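Observations on the model geometry
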Amino acid sequence: MDLFVLIINWSLVGKPLFQPELVSPQLNQIISTDLVTLQWNATDDEEIGLKFDIYFGSAQNFSLIAEDVNDNIYEVSLESDVRYFWRIISKDNDEGKTY
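Keep in mind the model is a prediction, meaning the values are calculated, not measured.

**Regarding the nonpolar core**
Counting 15 residues, the largest nonpolar core has Leu38, Trp40, Ile54 and Phe56 as the members making the most contacts within it. Residue assignment for this core shows that the elements contributing at least two residues are strand E4 (35-41), strand E5 (51-57), strand E6 (63-69) and strand E8 (83-91).

Printed below as a string of structure tokens:
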């Protein structure tokens, strides 16, 4: 059975009003499938709505994979025996960012 390791790289900078909260997968969780759903929570006190940039990949290939996503869930494919990292950047309409 192939094992997939997902390492969470989660950092916060900027206004705490809408900082992302990790939902799934958990820190250092071992994934046993070739797909994983990234899920997070974030809110904006102004209720204007947030958009998210998603960074994902291995240490050698960590990059922006999706920009201005409206949902707080995103599915990605995994390769066997690779450690993955991901980061979510929350953005509001006032040019505020948190990651």
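And the narrative resumes.
**Remarks on unusual backbone geometry**
With an omega dihedral of 0 degrees, the bond running from Ser24 to Pro25 counts as a cis peptide bond. Take Pro25: it is sitting in the loop between strand E2 (21-24) and strand E3 (30-31). A positive phi angle is found at Asn28, which is not glycine, with a value near 60 degrees. You can call Asn28 partly exposed: its relative accessible area is 46%. Positioned with a positive phi, Asp81 is a non-glycine residue whose angle comes to about 60 degrees. Along the polypeptide, Asp81 turns up in the loop between strand E7 (73-77) and E8.

How each quantity is defined
Residues numbered from 1 in each chain as written. Predicted model: local features only at pLDDT ≥ 70, side-chain atom pairs only at ≥ 80, totals over all residues. Heavy atoms only, no water. Core = buried A, V, L, I, M, F, W, Y, C linked by side-chain atoms within 4.5 Å. Buried < 20%, exposed > 50% of the residue type's maximum accessible area, 1.4 Å probe, protein only. Helix = DSSP H or I, 4+ residues; strand = E, 2+ residues; numbered from the N terminus.

Coordinates in, geometry out; function isn't part of it.
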